[in-house]
Structures are given as C-alpha cells and as structure tokens.
Amino acid sequence: MTRLLQRLMGRLPIGWLQLTHKRGRFAAALAGVAFANVLVFVQLGLMNSLAAATLKPYEFFQADIMISASDANALAEGGNVARQWLLQALADPDVVEGMGLFVGNVPWDRGGNSISFTTFGIDPSQPGFVAQGVSDGLHLLEVQDAVILDRLARGLPVEEAAGIRPQTPLRFEAQDRTLSAMGTFVGGGGFGGDGFMLTSDQTFLSLFPSRSSAAPDHILLRLRPGAEVAATVTRLRALISDQSLRIRSYEDAALEDLTYQQTQRPTGVIFGFGVLIGVLVGLVIVYQVLSADVADHLREYATFKAMGYGPRFFLGIVLEEALVLGLFGFVPGVLIGAGILALMGAVTTLPLGMTPDMAVTVFVGTVVFSALSGVIATRRLAAADPADLF
Amino acid sequence: MTEDSIVEVRGLNHWFGTGDARKQAMFDIDLTLERGSFTVLMGPSGSGKTTLLTLVGCLRAVQEGSVRLLGHELHGAGAAELTSLRQRLGFIFQAHNLHESLTASQNVIMGVQVRPGVPDALAEAAAARALDLVGLSDRMDYLPANLSGGQKQRVAVARALVGNPALVLADEPTAALDKDSAAEVVDLLKRMGATRGTTTLLVTHDNRILDRADRILTLEDGRIVKREGAQGR
Ligand SMILES: Nc1ncnc2c1ncn2[C@@H]1O[C@H](COP(=O)(O)OP(=O)(O)OP(=O)(O)O)[C@@H](O)[C@H]1O
Ligand SMILES: [Mg+2]
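Given the structure is predicted, the values throughout are model-derived calculations rather than measurements. (Residues numbered from 1 in each chain as written. Chains lettered and ligands numbered in written order. Predicted model: local features only at pLDDT ≥ 70, side-chain atom pairs only at ≥ 80, totals over all residues. Heavy atoms only, no water.)

Enquirer: How should the overall build of chain B be read in this particular structure?
Expert: Along the backbone of chain B there are seven helices and 10 strands. Taken over the C-alpha trace, chain B has a radius of gyration of 18 Å; the compact-globule value for 233 residues is 17 Å, and the two agree within 12%. Across its three principal axes, chain B shows a C-alpha extent of roughly 50 × 40 × 40 Å. The buried share of chain B, taken over its 233 residues, is 56%. Long-range pairs, those at least 24 residues apart, make up 69% of the contacts in chain B with a sequence separation of at least 6. Working note: accessible area of chain B is about 9,600 Å², and carbon and sulfur atoms make up 47% of it. Positive and negative side-chain charges in chain B, numbering 26 and 28 respectively, have mean positions lying 1 Å apart. (Helix = DSSP H or I, 4+ residues; strand = E, 2+ residues; numbered from the N terminus. Rg over C-alpha atoms; globule rule 2.2 N^0.38 Å. Buried < 20%, exposed > 50% of the residue type's maximum accessible area, 1.4 Å probe, protein only. Contact = heavy atoms within 4.5 Å. Areas by Shrake-Rupley, 256 points an atom, 1.4 Å probe, with all protein chains shown as cover. Lys, Arg positive; Asp, Glu negative; His and termini not counted. Charge placed at Lys NZ, Arg CZ, Asp CG, Glu CD.)

Enquirer: Help me understand the overall build of chain A in this model?
Expert: Along the backbone of chain A there are 12 helices and nine strands. Taking 2.2 N^0.38 as the reference for a compact globule, 390 residues should give roughly 21 Å; the C-alpha atoms of chain A span a radius of gyration of 29 Å, well beyond that estimate. Overall size of chain A, expressed as C-alpha extent along the three principal axes, is 95 × 50 × 35 Å. Split into buried and exposed, the 390 residues of chain A put 52% on the buried side. Contacts in chain A between residues at least 24 apart in sequence constitute 77% of all its contacts with a sequence separation of at least 6. Surface summary for chain A: the accessible area is close to 17,000 Å², and the carbon and sulfur share equals 61%.

Enquirer: What exactly am I supposed to notice about the nonpolar core here?
Expert: Across soluble globular proteins, you tend to see nonpolar side chains buried next to one another. Of all hydrophobic cores here, the largest spans 107 residues; its most connected members are A:Phe304, A:Leu325, B:Ile29, B:Leu52, B:Leu69, B:Met110 and B:Leu167. Per-element tally for this core: the top contributor is helix α11 (residues 311–348) of chain A, with seven residues. Other than its neighbours up to four places away in sequence, B:Leu52 contacts B:Leu12, B:Met26, B:Ile29, B:Leu31, B:Leu41 and B:Leu219. Core analysis: the next-biggest nonpolar cluster, separate from the first, contains 24 residues, A:Phe61, A:Val103, A:Phe120 and A:Leu220 among them. (Core = buried A, V, L, I, M, F, W, Y, C linked by side-chain atoms within 4.5 Å.)

Enquirer: In this structure, what is going on with the pairing of strand β7 (residues 167–171) of chain B? I would like to understand it.
Expert: Each regular strand shows side chains that alternate between the opposite faces of the sheet. All names here are of chain B. When you tally the buried positions in β7, you get five out of five residues, the bulk of the element. Burial along β7 is two-sided: Leu-167, Leu-169 and Asp-171 facing one way and Val-168 and Ala-170 facing the other are all buried. For strand β6 (residues 89–92) and β7, the ladder comprises four bridges, and the chain directions are parallel. Along β7, the bridge assignment pairs Phe-91 with Leu-169. (Pairing = 2+ DSSP bridges.)

Enquirer: Help me understand the layout of surface pockets in this model?
Expert: Using a probe with the size of a water molecule, rolled over the atoms, empty space left in the structure can be pinpointed. By volume, the largest pocket is sized at about 560 Å³. For the largest pocket, the lining is made up of 27 residues, of which A:Ala76, A:Thr118, A:Gly192, A:Gly193 and A:Gln261 are closest to its centre. Of all the secondary-structure elements, those providing two or more residues to the lining of the largest pocket are α3 (23–55), β2 (95–110), β3 (113–122), β7 (195–200) and α8 (250–263) of chain A. Of the residues belonging to the lining of the largest pocket, the class tally is 10 nonpolar, 13 polar and four charged. Forming the boundary of the second largest pocket are 19 residues, of which A:Lys305, A:Gly310, A:Pro311, B:Thr83 and B:Arg86 lie nearest the centre. Within the residue set of the lining of the second largest pocket, elements represented by two or more residues are α11 of chain A together with α2 (79–86) of chain B. In terms of residue count, the dominant contributor to the lining of the second largest pocket is α2(B) (five residues). Along the lines of polarity and charge, the residues of the lining of the second largest pocket split into 12 nonpolar, three polar and four charged. (1 Å grid on protein atoms, 1.4 Å probe; cavity = no way out; pocket = protein on both sides within 12 Å on 5 of 7 lines; lining within 4 Å. Points joined across faces, edges and corners; volume = space filled by probe spheres on them. Nonpolar A, V, L, I, M, F, W, Y, C, P; charged D, E, K, R; others polar.)

Quick look at the structure:
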C-alpha cells in the first residue's frame, strides 16, 4: 500500500503512514466516517422512497394537464374542483378529453389489522386516462361496487392478492358496503397509505355519500397529439374564470407535489435535516481527526518546514489523510448502509434500497467534504514555526 | 563577497517583542563562513547563539543589517525564496525531531525529496548511503521508537546530510549523545567538509568538540566577543 501510494504521489505517503501509525485512532476515525455515511444513506434512502411513493400514484394515470383546487398540494389533499370547468376546458381546440378524478381514503378493517387504501374514483369508459398495466381491469369497474386492488398493499397477504380474479372476486366490507375486488394492479405502500384501490366514480360516490359527482378532486385533461402543453395551460388559465384554481401540466403537478412533500411536510423536512446532520457529523469527525493529527505532529511539520517544504506539501499531506479517511470510511459505510436500508425496506414495505446513484453521490460527497475538513484543518499548521525548534 | 564565502553577515541587529517588551538580542554582528569551514559558536545561555543560527538559516526574518546566504540577500527576501534556500541547508536540532511514523530510511528520504523530481530509487539509494555513513545500515527499517537516543540523532544527521547541503546548521547536536557518539557525529561533519566542501556552523557547550573546530566564536549578550582560530572576521 505504501509503495503504491508512493508511486501515485511521487513522494512518501506521509499522511497514510501517519494515520496508520496510530491504529486505534485510525479505526475510530473510520468508524466515525462510516457512521456518518450510514446516517446519510438511511436518510437519502428515506428521501428517495418518499419521492418514489409520492410519484407512484401519478403513474397510474395518463394526462397532459391537471386542474386542482388552490389548496390541493398533493393528490389526496385539499378541496375539490367544480365539474363545470371541465366542460369549459373542453372548449379549447387542443383539449380532446377530460375526466374528473376522485380521491379518498378507504380503510379495510380486517379484524387484526386495517389496510388503508388511497382510493381513486375514475370513469371506466375513459380508458385513455389510465396507464397501461392498470387499464387491463378497467372494464370490470363498470359493475357497481367493483374495485381493483393494489396487490403490493401493506398488510394484504400475497396469496390472498394472488387469488383475486374476475371469476373469483375477493369480497370485503368497507365504508358500510360490500366491495368486490375483481382484479389487481401493482402499486405499493407509501407514507400516506398502505396501498391503492381503483374504482368507478359511481362506486366512489356511494362509498363517500357526502361527495358530489359535480365536484371531483382533480380534473385531468388530454390534448390532441402534438399540442403544446405549456401553451394550452396558458390559454386555459385565461379561459377559466376561477383564478384560484391550479392549472398545471400533469408533470408539473407531480413535481410540485414532490417538492411539497420534501420541503413542507414534516417527514420530508426531517429526512432532509437527517442528510444535513449526517454530512455535518462526517465533517466534524474528519475535521476533529485531522486537526488533532496536525496538532500532534506540529514538531514534525515544523522540521519539514525548516527543511524547505512549502505550504503545498502540507496541504497535500492533510488532503491525503482526508482522502484516506473518506475512502476507507466509505467502504464499510456503503455496506452497512445498504444492509440497513434493505432491512428497513423489508420491515416497512417502503421502496427502500441502495441505488448506484446514491452510492456515487455519497461517495463524491464524502470525498469532497473530507477534503474540505482537511483544508480547514490546515489552518492549524500556521502554528508550526520552525524557529521554535532550536 | 568572495567566491568562497557561504555566509556573510554584516551589521546584523535583531529584536524580540514589541513595545515596552521589545528587547535587542543581536548587536551589530559581523561574520563570514568560508566554504568547507567548521565553525563552533559558544557562549552562555541566552547569549543569542540560537537566534543567530535561525537568522542565518532563513527561519527568522532579518530585521536590520545584511545576511547573504549562498549569494542571496535574506533581508527582505520573500517566503518562497527563503523556503527554496532552506532546501540547500541541513539542520540538526538538539532534539532529533524524527517523524515517529516514518522508518529511519523514510525519515532520511524526506531530506532528499524536498527537491522535486528526484526518482524514488535515487532517493532510496541516497538514504541508504547516508545511513551507512552514520553506521546505521542495519537499522534502515526501524521506527524511531525502536532506536536509541544516539541512533536517532545519527538518523537526524543523515537526514541533514543526505541532500548534500552547502551549509549545515547544528544547535547542540551532541548534547544528548555519549562521548563516543558525539565524537563520531562531529568527525562525520568534519569529513563532509573536507570531501564535499560542506560548511558547518555548530553551537555547543561541549568542550570535547572545541579542539576539532577551525574557528571558535564566542557570543555574549548578543555580541561576538571573541574570535579564535583561522582567518578573518
Ligand atoms: N522567541 C523569542 N521571543 C522573545 N525573546 C526571545 C525569543 N527567542 C530568544 N529570545 C531572547 O533572545 C535572547 C537570546 O536567546 P537565544 O535562544 O538565542 O540564546 P542561546 O544562546 O541560544 O541560549 P541557550 O544556550 O540557552 O540555548 C535571550 O535573551 C532570549 O530570552
Ligand atoms: Mg539556544
């Protein structure tokens, strides 16, 4: 290792030799860096999973534009939108189709546990609004009280979900009605609910008697092929007289929802803070180790200064140490982080896991922040005055 | 300045502290060191021996007067110039100041690598030769913790000499050594003067060394009060 580093750097790897000379301290420093890495990985994993879970339901539908109430920050949040605006939007030459989307929470009490389904009420006669994979069972929803269920819903046994067929529907009680699950689709548990359920708007309204067909939660619009979404959005904003409504492209709606989850909702903010704290912990640990190491070697550094070594040499040593700590701390950090995320994913059924993106981001971050700590730690070098050596 | 003088000090004054605490430590020093000479600096504690050494060795800024080292005026010289001049000097301190994490040979290599572009193999060979010169060829891969006091000081001597310095500045290098090791170190420095033209300025209280010196200067209260031995000022 020493030889290799010597070859790479064109000088003795003083930093490496210095760090590995005190094995106990080296091990503690690596543990600290690894710990900071794990912290960041877990929080990043949770953040990624929040993003995945937030964007998931948007994947069930296909639309170009979404109209929502001013306070509807997320799919399942906020007030509703009058259906009259749907009719008005259809007056635009580029808008070819519109559909009201109803959203509500339907708990299925299963004795021991209760599964909370985020439920979407849609018009089964408008399959163009439903994504492939979900649309297969759409015609089944024409029957009153028929639903299709998220087969990855948290708390729904796999074999029970696997048995759901149109011929052998799964019947269950919810909201004082008997629902028949005729088919399944792939969703997954998120932070807001255990899974998803799709039903017709008619069934939805009977599940929620207080809701009215004249006021869905969102309005989805589809444009003629080749139409410009942004231009249409601008025209609709002028056309629709209720200025409080949020008229956005479907992509923007999804991304704004994500931003809202990450920056306004406590969960998202906490995950963000977790990342920040992980970074700070790592920064402080590396800084502590490096500055203690510089302080311990002031005499040696002063001797090197006397011998004619310049500032770049010392910066090089400290950066070398920072990189060694970053690199060697990252390896256990990424392994433990991946393990913990896999474990958390298994327990919570959230889409949690280590992605190559995360590993690369954290690796680069670790190296950059270690180097930064190193640069800060070199300020202590000024105390190494070779004139004091004699 | 003659061809052969390595150091020329003229009218050097130096002060420590500021304001009321300001105190003069060097008074009007004149001094010339010829190439290959071996000069011993003596004097009571606090007389300014170390201060003079650090001024000549580019470790302190010259405040007043002139110090010419290897043809460079140190008064007013920039940090980078002083640093590169130091690469041509060899320092031996009272304490060995070896790096605890480096082996004897690696410590000596540091004395070579200060000049950029020296290949590893060359640096290693030079270190091996220097350690052989101080009789430590069998201790090359020892860490300082596993060497005796005398051995450590000899490694420090090897480190100072390995780069073929024009001038060796040594401050009581033999204080920590027994009689034989001290004599060895001094003989080594003398031999280097004879064979490579290395100039030595050595501070000592050690009477055993005096008879080996070409010249003995005595400092008292920041002034040179006695010049014994060979030529000049
Ligand atoms: N960094 C400093 N700050 C203030 N005064 C200093 C400093 N270094 C030396 N002095 C003063 O300068 C004078 C000369 O000190 P110097 O260390 O050069 O003496 P010395 O001859 O080397 O003594 P010794 O034999 O004890 O090593 C002393 O009065 C000392 O107190
Ligand atoms: Mg002294």
